[in-house]
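So you can see what is in the structure, the chains are spelled out below.
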Amino acid sequence: LKIVKTLWGMEEAGDVAKWDGLFASIAAKGYAGIEGIRPFWQLNPDLLVELLNKHGLALVCQLHTCAVVEGSEFKYQTSSKLEDHKQSFTELVEETSQILTRVKAGGFLNSHSGSDRFRLDEAVDYLLHALEVEKRAGIKITHETHRQRIFFNPFQTEDLLRHPALQGKPLKLNADL
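Just so we're clear, the structure is a prediction, and the values are computed from it rather than from any experiment.

With that out of the way, let us pick up the nonpolar core. By size, the foremost hydrophobic cluster in this structure holds 41 residues, and its most contacted members are Phe 23, Ile 34, Phe 40, Leu 48 and Leu 59. Of all the secondary structure elements, the ones that give two or more residues to this core are helix 1 (19–28), helix 2 (38–41), helix 3 (45–55), strand 3 (58–64), helix 4 (82–100) and helix 5 (120–137).

With that settled, the discussion passes to the sheet that holds strand 8 (residues 173–175). Judged by pairing direction, the sheet is parallel, and its six strands sit side by side in the order 1-2-3-6-7-8 without closing on themselves. Whereas interior strands pair on both sides, the edge strands pair on one side only; in this sheet they are strand 1 (4–6) and strand 8. Direction aside, the axes of adjacent strands within the sheet are offset by 30 degrees on average. Of the pairings in the sheet, the one linking strand 3 to strand 6 (residues 107–112) comprises six bridges and is parallel in character. For His 64, the partnering residue across the bridge sits in strand 6 and is His 112.

Attention shifts here to the pattern of salt bridges. Per the stated rule, a full pass over the model turns up 10 salt bridges. In this structure, Arg 119 and Glu 122 form a salt bridge, with 3.5 Å as the shortest nitrogen-oxygen distance. Overall, Glu 122 belongs to the buried group, its relative accessible area being 18%. Across the pair Glu 158 and Arg 162 runs a salt bridge, and its minimum N-O distance is 2.9 Å. Taken together, the positions of Glu 158 and Arg 162, both in helix 6 (residues 154–162) and four residues apart, correspond to about one turn of that helix. Overlapping salt bridges, with partners in common, bring together Glu 83, Lys 86 and Asp 125 in one network.

Turning our attention to the packing of aromatic side chains. All told, the structure shown has four aromatic pairs when counted by the stated rule. Ring geometry for Trp 19 versus Phe 40: centroids 4.9 Å apart, planes at 55 degrees, classification tilted. Here Trp 19, found in helix 1, pairs with Phe 40, found in helix 2; they are 21 residues apart in sequence, far enough to count as distant. Of the two residues, Trp 19 and Phe 40, both sit in the buried class. Arranged with centres 5.8 Å apart and planes meeting at 70 degrees, the rings of Phe 89 and Tyr 126 form a pair that is edge-to-face. One end of the pair, Phe 89, is in helix 4; the other, Tyr 126, is in helix 5, with 37 residues separating them in the sequence. Taken individually, Phe 89 and Tyr 126 each receive the classification buried, so the pair is uniform in this respect. Chaining the aromatic ring pairs together yields one cluster made of Trp 19, Phe 23 and Phe 40. The ring of Phe 108 carries Lys 140 above its face, with NZ or CZ at 4.8 Å from the centroid. Above the face of the Tyr 76 ring, Arg 149 is positioned so that its terminal group lies 4.4 Å from the ring centre.

Attention now moves to the layout of surface pockets. Considering only enclosed or pocket space, the largest pocket measures out at about 760 Å³ in volume. If you trace the largest pocket, you find 32 residues lining it, with Leu 7, Trp 8, Gly 9, Ile 37 and Gln 62 closest to the centre. Among the secondary structure elements, those contributing two or more residues to the lining of the largest pocket are strand 2 (33–37), helix 2, strand 3, strand 6 and strand 8. Classifying every residue of the lining of the largest pocket gives 15 nonpolar, 13 polar and four charged. Around the second largest pocket sit Lys 2, Val 4, Ala 32, Gly 33, Ile 34, Ala 58, Leu 59, Val 60, Ala 105, Gly 107 and Phe 108, which together line it. Those elements giving two or more residues to the lining of the second largest pocket turn out to be strand 2, strand 3 and strand 6.

Conventions adopted
Residue positions are counted from 1 within each chain, in the order its sequence is given. In view of the model being predicted, local features appear only for residues whose pLDDT reaches at least 70, and side-chain atom pairs are presented and counted only at 80 or more, with totals across whole chains, interfaces and linings using the full set of residues. Derived side-chain values reflect all non-hydrogen atoms in the structure, with water molecules and hydrogen atoms excluded from consideration. Definition of nonpolar core: a set of buried residues of the types Ala, Val, Leu, Ile, Met, Phe, Trp, Tyr and Cys, connected through side-chain atoms within 4.5 Å. We call a residue buried when its accessible area falls under 20% of the maximum for its residue type, exposed when it is over 50%, and partly exposed in between, using a 1.4 Å probe and counting protein chains only. The way it works is that DSSP assigns letters per residue, a run of H or I at least four long becomes a helix, a run of E at least two long becomes a strand, and they are numbered from the N terminus. Note: two strands are recorded as paired if DSSP finds a minimum of 2 bridges between them. Axes here mean lines fitted to C-alpha atoms, for a helix over just the part in contact, with angles spanning 0 to 180 degrees between N-to-C directions. Salt-bridge detection follows one rule: a side-chain nitrogen of Lys or Arg within 4 Å of a carboxyl oxygen of Asp or Glu. Aromatic contacts are taken between Phe, Tyr and Trp rings whose centres are within 6.5 Å, Trp giving its six-membered ring; a plane angle under 30 degrees counts as stacked, one over 60 as edge-to-face, and the others as tilted. A ring is scored as having a charge over it whenever the NZ atom of a lysine or the CZ atom of an arginine sits within 6 Å of its centre and within 35 degrees of its normal. We place a 1 Å grid over just the protein atoms. Points where a 1.4 Å probe fits but has no way out form a cavity, open points with protein on both sides within 12 Å along at least 5 of 7 lines form a pocket, and any residue with an atom within 4 Å of a point lines it. Grid points are joined across faces, edges and corners, and a volume is the space filled by probe spheres set on the points. Lys, Arg, Asp and Glu make up the charged group, whereas Ala, Val, Leu, Ile, Met, Phe, Trp, Tyr, Cys and Pro make up the nonpolar group; the residues left over, Gly among them, are polar.

Set out below in structure tokens:
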């Protein structure tokens with residue numbers, strides 16, 4: 001079991017001058033890695049990789065399809081259109097893979113995927129696309145059970161996991177408990 005420290009709500013995460021001390025403290029507490037969202041890893045990707053490697057920490061990049069940052073405002077989901085989410089997922093995986101492949105302790109991507117407005121066939125289409133992107137990138141990607149997203153409730157999740165098009169596929173979930 002590897003325990004990862006989320007940076008959600010930690011003010012020091014937004015100040016690159018504090019990263020070295022923050023990561024040292026996280027590693028000293030026995031965490032195997034950190035989890036951060038796009039505004040965090042975009043601050044200084046090269047320094048992020050350097051300090052993660054220095055402190056032996058893995059990286060979990062939390063993706064939010066169709067999320068944007070405008071000034072200091074994080075807009076969680078700006079579209080409910082299937083093609084927008086597929087394009088956003090592809091772009092996010094390409095962006096994060098350039099960071100994650102340089103982290104010696106490894107890590108993975110955890111995605112808040114799609115929209116809870118997707119019909120079942122749209123959700124399946126999205127997940128098949130996501131699995132193909134994951135395969136091309138060669139990086140492990142999980143899909144979080146989260147409100148406003150594809151796996152927003154256990155009934156939709158069960159329908160998706162039992163769907164014939166997804167049987168035998170390496171779909172990985174991350175339970176937001």
